[in-house]
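Chain by chain, the residues run as shown.
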Amino acid sequence: MTKNVLFYARYSTDRQNEVSIETQVELGKAFVANKGWKLVDTYADSAISGTSFTSRPGIQQVLAHVKRERIDVVLCVTADRLSRDVEHSSKILKELNYHDTAIWTVQAGQEISHMELHMRSTLSHELVEQIRYRTREGMKTAVKKGKASTCLAYGYKLSQQRDANGDRIRGLREVDPAKAEIVRRIYQLYADGMSPRDIAQLLNREGIPGPRGRKWRDTAIRGHVGRGTGILNNESYIGRMVWNRRQYRKNPQTEKRTARANHNSDWVVTDVPEMRIVTDELWGRVKDRQKEIGELFDFGQSNRLNATHRPEYLLSHLLECEECGGPYAISGKDRYSCTNRKKRLPIDELGGACCSNSKTIIRQELESRVLDCVPAAFFAEGIFDTLSERSIAYETAKLKRPLAERDQMKRKLSELEGKQQNIIQQISDRAAEGRPRLPALDDTLDRLEAERQILETEIASFTESGPDMIAKIEELRRRHNPEETEMAMRQFMMVARKGKNEEAKRMLMPIVRQLVQKVVIGKTPGHQPASLQVHGLIASILAQMDVLDYMKSRFISEIHEDFVERLEAGELDSEEKREMMLDIYREELLERFPEWENLQMSVVAGAGFEPAAFRL
């Protein structure tokens, strides 16, 4: 019997000898032709790890296609192309099983059973963890031996030392005299008062190539003091190699790699005097100036009259220029613009030219356009049930907190009484031995007694709640049910989207940042509004939604806002008027259905979907 087949291919960045996408597709087409099946479509993810899921647009499109059309088989070359994560494999399998879609592989030449898929994903996941562990241990050993474990830092070159077999010893670095002189010059200029931005512009004017042959950037020089990054913070220049300052973990919600600072006791520090470029005296001058600037910045942060200090807005640090890839930031009164263009920085990707993206956008307009997409994602993710559960858990924890504090005080009181008994025993032992009393023991005993009395008073102030606590929790469950949460969230979203309440936007910030990875701002002709391209989980969610569901969800959100505004304006002051208004909404919904059904997935309200993002 002829089967409808979707072929999925993936090229991973974590394997060196990976079969190309083209080769995988050729193998898949040959397999389908040999079986006499029908290849409906082909999807692929290029240079994306199999441990990701929401950030893989190809696999999301496969699942969306299975929902839209009858598909008998999802085919891939090997099972690990589908996923290398146990949780993600289970999610994909459940989704395909629900639609009666089987998973086949070219390698096995047959359908993959549930057990085999789980076993393969478990083994792949374990392999990834083992590689990660061995890599870190290898890097730690290399650093302890004075070898570099990361990329070649500016100012050094690969050492040509050979072992007994004549092979170059890997990991060894040596000072590059010409670049080392540039490093010392940067340190001297900064210590003498020149800013990193001015230093970068000076080096670019003189035609001196920067790290990896690119143009100099102020960020490459300034870096981050606490993280030890940047030319001015690299301790290799004073003959000290530091490794393991930070660890990286993938956020399971956003699938973005996040850095966490390690305690300095976990750092691996090795002295390598042969790598010294900068003297201790010059290094100290640079650190002193960084400290002075840091203190000035801290003063500015606490000074209410400092006009340059701005709070973090809803989309701060998520904005990117489409032309040069640089960040968009506030450059005027509530207006975003490309920082690279403002600084007139040369861009290597543009052949050394400056960014020409002069398109700016008002913050309120930008936030409103992005927030317009969020309600549809809420519907798709069942967010209201989740928010209800979190609200109940948060309020319940607040109710139980006093009881937890009381129990903690009781434990502290028990520990304190134990210390008292210990001191009393020491005093008794000294008296029995005929030794003189120690004033220090008496003073400590008096201090502990004072602390004990205070604790007993605080513990006595707590009252038992018992049945009253149960009643309060039940009331919370009634008040925070999904329906009430949905109504409250709609009202909240309306306030935030209209730009009426900055506090509402700040409260939405954690949700938005889980859904949106970045927003790319591009040029448009004349005075047309800037183009926005939204990347992240929200793009995957909307890509899986049918156009009909998307448009219906958005329409419901819009009419709800309209209804609330009419209520607040006093236009619907009777039950008859409210019912009449609802009838108008129903008629409009019925009129729009035929129009929505004719829309293709590639076009949503005139905005084309792209593999990893969508445009507004």
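Quick look at the structure, then. (Residues numbered from 1 in each chain as written. Predicted model: local features only at pLDDT ≥ 70, side-chain atom pairs only at ≥ 80, totals over all residues. Heavy atoms only, no water.)

1. Points about the sheet that holds strand 13 (residues 328-332)
Then, in step 1: Pairing is antiparallel in the open sheet, where three strands are placed in the order 13-14-15. The open sheet has two edge strands, strand 13 and strand 15 (361-362), and neither has a second partner. (Pairing = 2+ DSSP bridges. Helix = DSSP H or I, 4+ residues; strand = E, 2+ residues; numbered from the N terminus.)

2. Some remarks on the nonpolar core
Then, in step 1: Formed by 32 residues in total, the largest nonpolar core has its most connected members in Leu315, Leu319, Tyr336, Leu366, Val516 and Val519.
Then, in step 2: For this core, the secondary structure elements donating two or more residues are strand 12 (319-321), strand 13, strand 14 (335-338), helix 11 (363-371), helix 17 (502-515), strand 16 (518-522), strand 17 (531-535) and helix 18 (537-544).
Then, in step 3: Considering each element in turn, this core owes the most residues, five residues, to helix 17.
Then, in step 4: Among all residues touching Tyr336, those that are not within four sequence positions of it are Tyr313, Ser316, Leu319, Tyr328, Ala329, Ile330, Ser331, Lys359, Thr360, Ile361, Arg363 and Leu366.
Then, in step 5: Counting 29 residues, the second-largest nonpolar core is a separate cluster that includes Tyr187, Ile208, Trp216 and Ile221. (Core = buried A, V, L, I, M, F, W, Y, C linked by side-chain atoms within 4.5 Å. Buried < 20%, exposed > 50% of the residue type's maximum accessible area, 1.4 Å probe, protein only. Contact = heavy atoms within 4.5 Å.)

3. Re the packing of helix 6 (residues 177-191) against helix 7 (residues 196-205)
Then, in step 1: Taken N-terminus to C-terminus, the directions of helix 6 and helix 7 make an angle of 135°; their axes are 10 Å apart at the nearest point. Looking at the two axes, helix 6 sits oblique to helix 7. The two elements helix 6 and helix 7 meet at a crossing, and its hand is right-handed. Residue-level inspection shows Arg185, Ile186, Leu189 and Tyr190 of helix 6 in contact with helix 7, the latter providing Pro196, Ile199, Leu202 and Leu203.
Then, in step 2: Tallied by class, residues from the contact of helix 6 with helix 7 come to seven nonpolar, no polar and one charged. (Axes fitted to C-alpha atoms, helices over the stretch in contact; angles between N-to-C directions. Parallel < 35°, antiparallel > 145°, perpendicular 65-115°, else oblique. Left-handed = near helix turned anticlockwise from the far one by under 90°. Nonpolar A, V, L, I, M, F, W, Y, C, P; charged D, E, K, R; others polar.)

4. Considering the packing of aromatic side chains
Then, in step 1: Across all of its chains, the model carries seven aromatic pairs by this definition.
Then, in step 2: Between the aromatic rings of Tyr154 and Trp216, the centroid separation amounts to 5.1 Å while the plane-to-plane angle is 80°, which identifies the pairing as edge-to-face. With a gap of 62 residues between them, Tyr154 in the loop between helix 5 (114-144) and strand 6 (156-158) and Trp216 in the loop between helix 7 and helix 8 (218-222) connect regions that are remote in the sequence. With respect to burial, Tyr154 and Trp216 carry one shared label: buried.
Then, in step 3: What links up through ring pairs into an aromatic cluster is the set Tyr156, Tyr187, Tyr237 and Trp283.
Then, in step 4: Over the aromatic face of Trp283 sits the side chain of Lys287, whose NZ or CZ is 4.6 Å from the ring centroid.
Then, in step 5: Above the plane of the ring of Tyr313 lies Arg363, whose end atom (NZ or CZ) is 3.9 Å from the centre. (Phe/Tyr/Trp six-rings, centres within 6.5 Å; stacked < 30°, edge-to-face > 60°. Lys NZ or Arg CZ within 6 Å of the ring centre and 35° of its normal.)

5. Focus: the pattern of salt bridges
Then, in step 1: Counted according to the given criterion, the structure contains 22 salt bridges.
Then, in step 2: When the shortest N-O distance is used, the salt bridge between Glu571 and Arg566 registers 2.9 Å.
Then, in step 3: Arg566 sits in the partly exposed class, given a relative accessible area of 27%.
Then, in step 4: Members of the salt-bridge network, linked through shared partners, are Asp218, Arg222 and Lys343. (Salt bridge = Lys/Arg side-chain N within 4 Å of Asp/Glu carboxyl O.)

6. What to know about helix 1 (residues 21-35)
Then, in step 1: Taking 1.5 Å per residue as the helical rise, helix 1 with its 15 residues ought to reach 21 Å, and the 21 Å between its terminal C-alpha atoms agrees with that figure.
Then, in step 2: Of the residues making up helix 1, those classed as buried are Ile21, Gln24, Val25, Gly28, Phe31 and Val32. One face of helix 1 carries all of its buried residues, which in axial projection span an arc of 125°. What points out from helix 1, more than 90 degrees from its buried face, is the exposed set Glu22, Glu26, Ala33 and Asn34. (Expected span 1.5 Å × (residues − 1). Arc of directions from axis to C-beta.)

7. Describing unusual backbone geometry
Then, in step 1: With a phi close to 55°, Asp100 is a non-glycine residue in the positive phi region.
Then, in step 2: Inspection of the secondary structure assignment puts Asp100 in the loop between helix 4 (86-98) and strand 4 (102-105).
Then, in step 3: For Asp100, a relative accessible area of 55% puts it in the exposed group.

8. Focus: helix 4
Then, in step 1: Between its first and last C-alpha atoms helix 4 spans 18 Å; for 13 residues at 1.5 Å apiece the expected length is 18 Å, and the two agree.
Then, in step 2: One or two residues past the end of helix 4 sits Asp100, with phi positive at roughly 55°.

9. Thoughts on the sheet that holds strand 5 (residues 110-111)
Then, in step 1: As summarised here, the arrangement of the five strands in space is 2-1-3-4-5, forming an open sheet in which the pairing is mixed. The open sheet has two free edges, formed respectively by strand 2 (38-45) and strand 5, since each of these has just one partner strand.
Then, in step 2: Judged from the two bridges that link them, strand 4 and strand 5 form a sheet pairing that is antiparallel. Opposite Trp104, over in strand 5, you have Glu111 as the bridge partner.
Then, in step 3: Contacting strand 1 (4-10), strand 2, strand 3 (73-76) and strand 4, helix 1 crosses the sheet at an angle of about 160° to strand 1.
Then, in step 4: On the sheet, helix 2 (residues 57-68) packs against strand 1, strand 2 and strand 3 and is oriented at approximately 150° with respect to strand 2.

Keep in mind these numbers describe shape, not what the thing actually does.
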